[in-house]
Number of protein chains: 2
Amino acid sequence: MTETIRIVEVGPRDGLQNEATQVATATKIALIEQLIEAGHSTIELTSFVSPKWVPQMADAADVATRFRERTDLRLPVLVPNLQGLERALESGVREIAVFTAASDAFNRRNTNATIDESLNRFVPVLERAKSDGLRVRGYVSTVLGCPYQGEVPLAEVVRVSKALHRMGCYEISLGDTIGIGTPRKARGMLRAVADEVPLSALAVHFHDTRGQALANVFACVEAGVRVVDASVAGLGGCPYAQGASGNVATEDVVYALHGMGFNTGIDLSRLVAAGRFICHAIERRNGSKVALAWPS
Amino acid sequence: MTETIRIVEVGPRDGLQNEATQVATATKIALIEQLIEAGHSTIELTSFVSPKWVPQMADAADVATRFRERTDLRLPVLVPNLQGLERALESGVREIAVFTAASDAFNRRNTNATIDESLNRFVPVLERAKSDGLRVRGYVSTVLGCPYQGEVPLAEVVRVSKALHRMGCYEISLGDTIGIGTPRKARGMLRAVADEVPLSALAVHFHDTRGQALANVFACVEAGVRVVDASVAGLGGCPYAQGASGNVATEDVVYALHGMGFNTGIDLSRLVAAGRFICHAIERRNGSKVALAWPS
């Protein structure tokens, strides 16, 4: 029997949020529609952070509302706090994602809170989400290194992942935010977390800043992870390095997984078309090598 | 004890041969000098094919002669036949490489000979090389797929590799010429060949056309290979796909291997500088993500 790997498409949120270009709401919606057509079952739609912090996501309610009837799909939105959750609920959202770092230095700069302050802030968010029947995904960033503090203790990655899981997150996405990890370290990190949180509740999220992302994905898939975050066309920059790339490209991940005999439910040809559409729309180089090599 | 992986730097030959730009001899020599300074022990210098076929390598004798005193290093040159070997010998070369494909269709188009005709042609080349005390490396291309015939039977990859090894090649480099393979297939191919040729006599050579190269390298390193071909700055295009990338970038491979705890003898900072030098000289985008993320 063919084994399935679920791709969590983060292009419309993690991707577009970090692009220099402000993208029109209609373009975002068209992209999401094409990603659904390509067979994606899980797409992170947008972020209900304050538009003051992230102007690229000011149209969060418009984007989320557009897809409120698609209860057959998992369409999480990022939510930083109760206020964000209220806005998400008004838009008919059925799944949210909360985020913290495994590095205190990073979390302070990113959210102006310590890790423990972030975790405490999530308690009422998860309670409210639970009472409204929402699923909650948890992100842990900087799991393999931090741009401010350097090394991130593995014990801290495990502690934060465990805390989010206990709090009620059904899935924990382990993110190498700055794309600094290498395959054996990635696999070691995954295994350490899997000692405390069921492997079936873990996802991996790699950035390709140093070209390691797909090797890291492969190492973690071989170690048993079955949920992989990726961004169509490699959307998303890396704010810490000029010219460096961001998320691993979904096309390249899907190509690898299909070649390895996994089922993803995704039509690679349609996915390539969706990536070309958004790159054309925002005048960006396509970050997927599969897309560059795909017949036009 | 730290385990060592030997990198075979193919940028000056496999890389520059496939670049659109004609590179000045002085620039090639400066690049090779910088690669030596960075700690490379093995660098493929040039190719003694006919300048009619490959004008980029018309200065083969000048490049090879320049480094004839460096007997402390392995500096192979590509040689297609006895005539090429004669020219190489005149330039003081001490190691050559011969090449064939595992796909008959590819070999016919590339060298106007069947695989068996190529192998037969190598017999006198290897005899002559042996009598002159030269080491000979063997390349097998299209080991995971062919642009003309599609699938390449694994049995054929094994047969050709074994033939080259028996003929006297001390090392067989297994090349995914069109970058079509994925990690499990790459590993399976390596293992199949290693059933017939000692693993210590095998090297892997991946192109990154579909972004899979580093994952494939990782899979093969985990399976025990200890020699990896790579091209500084990812030099080399893919003649079969517009805009697609060629060789895996040495910087990205070295970053991965060091992160995995291997010794390569290479100073990554100097290697990045060498890659930047050649990209600037030939006005090419740097194909190494490590180089793009490296502080300037």
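Only a predicted model underlies this, so the values are computations on that prediction, with no experimental measurement involved.

A. How the structure looks around the interface of chain A and chain B. On the chain B side, the residues contacting the 33 residues of chain A number 33 residues. For the chain A and chain B pair, buried surface summed over both sides reaches about 2,800 Å², with 55% attributable to carbon and sulfur atoms. Summed over the three residues of chain A that lose the most area to chain B, namely A:Arg184, A:Tyr255 and A:Lys289, the buried surface amounts to 23% of that side. Remark: the boundary between chain A and chain B carries 6 salt bridges. Between A:Asp208 and B:Lys289 there is a salt bridge, and its shortest N-O distance comes to 2.6 Å.

B. Looking closely at the packing of helix α5 (residues 104-111) of chain A against helix α6 (residues 115-131) of chain A. Residues and elements named next belong to chain A. It is the contact of α5 with α6, at a shortest axis distance of 8 Å, that shows an interaxial angle of 60 degrees. Here α5 is positioned oblique relative to α6, judged by the angle of their axes. Contact residues: Asp104, Asn107 and Thr111 in α5; Ile115, Ser118 and Arg121 in α6. Across the contact of α5 with α6, the residue classes tally to 1 nonpolar, 3 polar and 2 charged.

C. Quick look at the relation of the copies chain A and chain B. Structural alignment of chain A on chain B gives an RMSD of 0.0 Å, achieved by rotating through 180 degrees and translating 0.0 Å along the axis. The operation mapping one copy onto its partner corresponds to a two-fold rotation axis. Rotation axis and chain A: the residue whose C-alpha lies nearest the axis is A:Ala215, separated from it by 1.9 Å. In this assembly the copies share their binding face: 100% of the residues contributing to the interface of chain A also contribute to that of chain B.

D. Spatial organisation of the packing of aromatic side chains. Per the counting criterion, the structure on display carries 3 aromatic pairs over all chains. Each ring, one from A:Phe218 and one from B:Phe218, has its centre 6.1 Å from the other, and the planes form 80 degrees; the classification is edge-to-face. You can see A:Phe218 sitting in helix α9 (residues 213-222) and its partner B:Phe218 sitting in helix α9 (residues 213-222), one on each of two chains. The same class applies to A:Phe218 as to B:Phe218, namely buried. Here the basic side chain of A:Arg13 rests over the ring of A:Tyr139, its NZ or CZ set 5.9 Å away from the ring centre.

E. Up close: the sheet that holds strand β3 (residues 46-47) of chain A. All names here are of chain A. A sheet is described by the order of its strands in space; here 9 strands give the open sequence β2-β1-β9-β8-β7-β6-β5-β4-β3, paired in parallel fashion. The open sheet has two free edges, formed respectively by β2 (42-43) and β3, since each of these has just one partner strand. Relative to strand β8 (residues 202-206), strand β7 (residues 171-176) is paired through 5 bridges, and the arrangement is parallel. Its bridge partner being in β8, Gly175 is matched across the sheet by His205. The sheet strands contacting helix α8 (residues 183-194) are β7 and β8, and the helix crosses β8 at an angle near 155 degrees.

The rules behind these values
Residues numbered from 1 in each chain as written. Chains lettered and ligands numbered in written order. Predicted model: local features only at pLDDT ≥ 70, side-chain atom pairs only at ≥ 80, totals over all residues. Heavy atoms only, no water. Contact = heavy atoms within 4.5 Å. Buried area = accessible area lost by both parts, 1.4 Å probe. Salt bridge = Lys/Arg side-chain N within 4 Å of Asp/Glu carboxyl O. Axes fitted to C-alpha atoms, helices over the stretch in contact; angles between N-to-C directions. Helix = DSSP H or I, 4+ residues; strand = E, 2+ residues; numbered from the N terminus. Parallel < 35°, antiparallel > 145°, perpendicular 65-115°, else oblique. Nonpolar A, V, L, I, M, F, W, Y, C, P; charged D, E, K, R; others polar. Least-squares fit on C-alpha atoms with pLDDT ≥ 70 in both. Phe/Tyr/Trp six-rings, centres within 6.5 Å; stacked < 30°, edge-to-face > 60°. Buried < 20%, exposed > 50% of the residue type's maximum accessible area, 1.4 Å probe, protein only. Lys NZ or Arg CZ within 6 Å of the ring centre and 35° of its normal. Pairing = 2+ DSSP bridges.

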